Amino acid sequence: MSAVVSPIREPLITGNKTYHQITEDLCGPTEKAPNLAWIIAFIISIAFLTFGVFCIAWTIWFGIGSWDLNRTIGWGWDITNFVWWIGIGHAGTLISAILLLFRQKWRTGVNRAAEAMTIFAVLCAALFPGIHVGRAWVVFYFFPYPNTRGPLWPNFNSPLLWDLFAISTYFTVSLLFWYTGLVPDFASVRDRAKGFRKKIYNFVSFGWTGSAKHWQRWESLSLILAGIATPLVLSVHTIVSFDFATSVIPGWHTTIFPPYFVAGAIFSGFAMVLTLMLITRKILNLEDYITIAHIESMNKIILLTGTIVGVAYLTELFIAWYSGYIYEQFAFYNRVFGPYWWSYVGMMSCNVLSPQIFWSKKMRRNIFVTFVMSIFINIGMWFERFVIIATTLARDYLPSSWSWYDPTWVEIGIYLGTMGIFFTLYLLFTRVAPVVAAAEVKSILKTSGDQYAGKNAHSHGHGHGHGHHHETTHKVEYDDTADSAPLSAATPMPETKVEEVTEVVEENTMEKVVEESIGIIDDVEDDLKKIEGIGPKIEGLLKAGGFKTFAALAGADLDAIQKILDDAGPRYRIHDPATWSAQAKMAAEGRWEELQKWQDELDGGKE
């Protein structure tokens, strides 16, 4: 399908990539030995994880007394870290889902990292409530299920129980959304794998063949899950804010918390995605797929959400003053000028002032500045949670109960341990799946590749409706792992063949093109898997039997096809090839829309 692309729009894929090169670049890291940078990062992550596990064991063995909590400050680093991880986690799927619903093409560079970040961050967050209860072995008391404990039952009026349902629901939807996007890429890796590894990827790809029906269902499911996840994440972080807003403590009992928490979650989530993207970009050499254009778009959203968070901070101060309520006024005065003033300064500096640097386009496109800012924002959002929790609890209505809180080495160790868990899981993820969505990158190549879009495009006449000259080349979509490429509107042809034909077109007249390209096109094999009912193995059998193109299959005798299936054994004999020739005829004639409508009515190739 043709599409109009602005010649001045910056490309999102650089390096003059072909479909085959995209597969190699994105699936290659899962097949090769890790490089030195990955090994060093993994060792550091494992070291943090190990120390964290030791501190968790220490806490369970010696009890919560190993933390510096007291009667006044009952929530410290544990709940601070819980809310921080939840904020990061809730932003990941929201980022990917909203960009999908709004059809933003630059989503392809960030969605996989954002979705993975959600899963791993929520796992890290779930650790803290389990430890904080003090008796981790009875943490299942959280769940409301029929039991014999008499009146001991979860309090449904408590926002902490709402957290349990909201977060578990969100985690489930996010997991499905993330895994759905992975299925086509798992199929690409499967088609390149051998032996036991191939069996594993065959299992996790659910028999994906890349048929039109599979792509239709995949697209529908992705949109449905994105539609569910978007409002769900708003409600989930709203419920997290209710942990504070439904209390009567000055500084917490405020109606601004729900939108304030949601904006902060998106803000911190984009910052963490940037951190992961820039590290991944360097370690896995993905500069052609995570481009400066992606980074600049992310920085624009960070600037917007950072400004929203800044407005929320100032609104809190204004409302505290305007309310005339002395206890509310004291709570905010204490935050700014009290003993924890340094945390408030850190919060304002990192979250409000530092992102303003992104008003400059030069700074938005600077890799080093972006990485430093992403770290600052993560630190600032942690300070925000600490300011809300520790400083508010440290000084309440009774000066006699005022206290001071410092984390112990155990609390710091548990926090570092969750960082180790997060990065260990993420690094392992980069070894088993493409960290950038290969199938989705291929879908935008013809409109966002640097050879088709932008000022350095070779030509603006490749079927996009703009440009001043016409080419007579048969420009087509092809990938050696065609199971994972969307249904093409042209007969598949290898890139090398396309390049040969293109050279002929440029150098010779049309008559000579016909003469010289006949021999090139004759040996082209079509992707027979685009026929409903034909998978990779049956395609191999048909091509071995001489039916290598749509035209050959269209003219094939039904008995000849059935004989090939019968000779292959009982697992192939059960297939019904009655519609294959008619489908192949439509494909050979380029009637793709008509074919797709018919395939929607077929069931595995059967009428």
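What comes next concerns the included structure.

Thresholds applied
Residues numbered from 1 in each chain as written. Predicted model: local features only at pLDDT ≥ 70, side-chain atom pairs only at ≥ 80, totals over all residues. Heavy atoms only, no water. Helix = DSSP H or I, 4+ residues; strand = E, 2+ residues; numbered from the N terminus. Contact = heavy atoms within 4.5 Å. Areas by Shrake-Rupley, 256 points an atom, 1.4 Å probe, with all protein chains shown as cover. Salt bridge = Lys/Arg side-chain N within 4 Å of Asp/Glu carboxyl O. Buried < 20%, exposed > 50% of the residue type's maximum accessible area, 1.4 Å probe, protein only. Phe/Tyr/Trp six-rings, centres within 6.5 Å; stacked < 30°, edge-to-face > 60°. Lys NZ or Arg CZ within 6 Å of the ring centre and 35° of its normal. Axes fitted to C-alpha atoms, helices over the stretch in contact; angles between N-to-C directions. Parallel < 35°, antiparallel > 145°, perpendicular 65-115°, else oblique. Core = buried A, V, L, I, M, F, W, Y, C linked by side-chain atoms within 4.5 Å. Arc of directions from axis to C-beta. Polar contact = N/O pair within 3.5 Å; in protein donor to acceptor, adjacent residues only side chain to side chain. Left-handed = near helix turned anticlockwise from the far one by under 90°. Nonpolar A, V, L, I, M, F, W, Y, C, P; charged D, E, K, R; others polar. Patch = residues over 30% accessible without salt bridge, like charges linked within 9 Å, V, L, I, M, F, W, Y side chains within 5 Å. Expected span 1.5 Å × (residues − 1).

**Some thoughts on the overall build of the protein chain**
If you tally the helices and strands in the protein chain, you get 24 helices and zero strands. Long-range contacts, defined as pairs at least 24 residues apart, comprise 74% of the intrachain contacts of the protein chain with a sequence gap of at least 6. Summed over all atoms, the accessible surface of the protein chain reaches about 27,700 Å², with 65% contributed by carbon and sulfur.

**Things to note about the pattern of salt bridges**
Applying the stated rule across the entire model yields 20 salt bridges. Glu115 is the partner of Arg107 in a salt bridge, and the nearest nitrogen-oxygen pair spans 3.6 Å. Here Arg107 and Glu115 have matching classes, each one buried. The salt bridge involving Glu539 is made with Lys543; its shortest N-O contact spans 3.2 Å. Remark: Lys543 and Glu539 occur in helix α19 (residues 536-544); sequence separation between them is four residues, near one turn of the helix.

**Section: the packing of aromatic side chains**
Taken as a whole, this structure holds 45 aromatic pairs when the rule is applied. Pairing Tyr260 with Phe261 gives two aromatic rings, centres 5.8 Å apart and planes at 80°, and the pair type is edge-to-face. The exposure classification of Tyr260 matches that of Phe261, with both residues buried. Plain terms: the ring middles of Trp382 and Tyr415 are 6.4 Å apart, the flat faces sit at 50° to each other, and that makes the pair tilted. Remark: Tyr415 occurs in helix α14 (residues 409-432) and Trp382 occurs in helix α13 (residues 367-394); sequence separation between them is 33 residues. Pairwise contacts between aromatic rings join Trp77, Trp84, Trp85, Tyr340, Trp342, Trp382, Phe383, Phe386, Trp404, Tyr415, Phe422 and Phe423 into one cluster. The ring centre of Phe332 lies 4.5 Å from the NZ or CZ of Arg335, which sits over that ring. For Arg431, the ring lying beneath its charged end belongs to Trp38, and the centroid distance is 5.8 Å.

**Observations concerning the packing of helix α1 (residues 19-27) against helix α5 (residues 159-192)**
Two elements in contact, α1 and α5, have axes separated by 11 Å at closest approach and are oriented at 95°. When the axes of α1 and α5 are compared, the pair comes out roughly perpendicular. Along the contact surface, α1 presents Thr23, Glu24 and Cys27, while α5 presents Ser188, Val189 and Arg192.

**A look at the nonpolar core**
The biggest cluster of nonpolar side chains holds 127 residues, and the ones touching the most others in it are Trp85, Phe244, Phe422 and Phe429. The dominant element in this core, judged by the number of residues it contributes, is helix α8 (residues 257-283), at 16 residues. Aside from chain neighbours lying at most four places away, what touches Phe244 is Trp75, Ile79, Val83, Trp252, His253, Phe257, Phe261, Ile388 and Ile389. By size, the runner-up hydrophobic cluster in this structure holds 21 residues, among which are Phe547, Ala556, Ala584 and Ala587.

**Describing helix α21 (residues 558-568)**
An α-helical turn contains 3.6 residues, so a residue and the one three or four places further along point in the same direction. Along α21, the residues that are buried comprise Ile561, Ile564 and Leu565. Down the axis of α21, the smallest arc covering the buried residues is 95°, so these residues share one side. Of the exposed residues in α21, the ones pointing more than 90 degrees away from its buried face are Asp559, Lys563 and Asp567. Next to the buried residues of α21 lie α19, α20 (550-554), α22 (570-573) and α23 (580-588). Two to three positions downstream of the cap, the backbone nitrogen of Asp559 sits 3.1 Å from a side-chain oxygen, assigning the N-cap of α21 to Asp557. At the exit of α21 stands Gly569, carrying a positive phi of roughly 120°.

**Structural notes on the packing of helix α11 (residues 341-353) against α13**
In the contact formed by α11 and α13, the axes pass within 8 Å of each other and the chain directions differ by 145°. With respect to the hand of their crossing, α11 and α13 are arranged in left-handed fashion. Residue-level contacts link Trp342, Ser343, Tyr344, Gly346, Met347, Cys350 and Asn351 of α11 to Phe376, Ile377, Gly380, Met381, Phe383, Glu384, Phe386, Val387 and Thr391 of α13. Partitioned by chemical class, the residues of the contact of α11 with α13 number 10 nonpolar, five polar and one charged.

**Points about the side chain of Ser45**
Structurally, Ser45 can be placed in helix α2 (residues 36-62). Beyond its immediate chain neighbours, meaning those up to four positions away, Ser45 contacts Gly420, Phe423, Thr424 and Leu427.

**Structural notes on the environment of Phe156**
By the element assignment, Phe156 lies in the loop between α4 (111-132) and α5. Looking at Phe156, the relative accessible area reads 43%, which means it is partly exposed. Put simply, Phe156 and Pro144 are 12 residues apart on the chain and 9.1 Å apart in space, counted from C-alpha to C-alpha. Ignoring anything within four residues of it in the chain, the contact list for Phe156 reads Pro144, Leu161, Trp162 and Phe165.

**Considerations on a nonpolar patch on the surface**
A cluster of nonpolar side chains, contributed by Leu36, Ile39, Ile40, Ile43, Ile44 and Phe48, occupies part of the molecular surface with about 560 Å² of accessible area. On the accessibility criterion, Ile43 (54% relative accessible area) is exposed.

**Let's talk about unusual backbone geometry**
Look at Phe206: it is not a glycine, yet its phi comes out positive at around 55°. Looking at where Phe206 falls in the secondary structure, it is placed in the loop between α6 (195-204) and α7 (212-245). By relative accessible area, Phe206 is classed as exposed at 59%. Backbone geometry places Asn285, a non-glycine residue, at a positive phi of 55°.

**Observations concerning α11**
End to end, α11 covers 17 Å across 13 residues, agreeing with the expected 18 Å (1.5 Å per residue, within 8%). Contact partners of the buried residues in α11: α8, α9 (292-323), α10 (326-337) and α13.

**Focus on the environment of Ile88**
Note on placement: Ile88 falls in helix α3 (residues 77-101). For the pair Ile88 and Val273, spaced 185 residues apart in sequence, the C-alpha to C-alpha distance is 8.9 Å. Excluding residues that lie within four positions of it along the chain, Ile88 makes contacts with Met117, Ala121, Ser268, Gly269, Met272 and Asn378.

The quantities given are spatial measurements derived from coordinates; they are silent on function.
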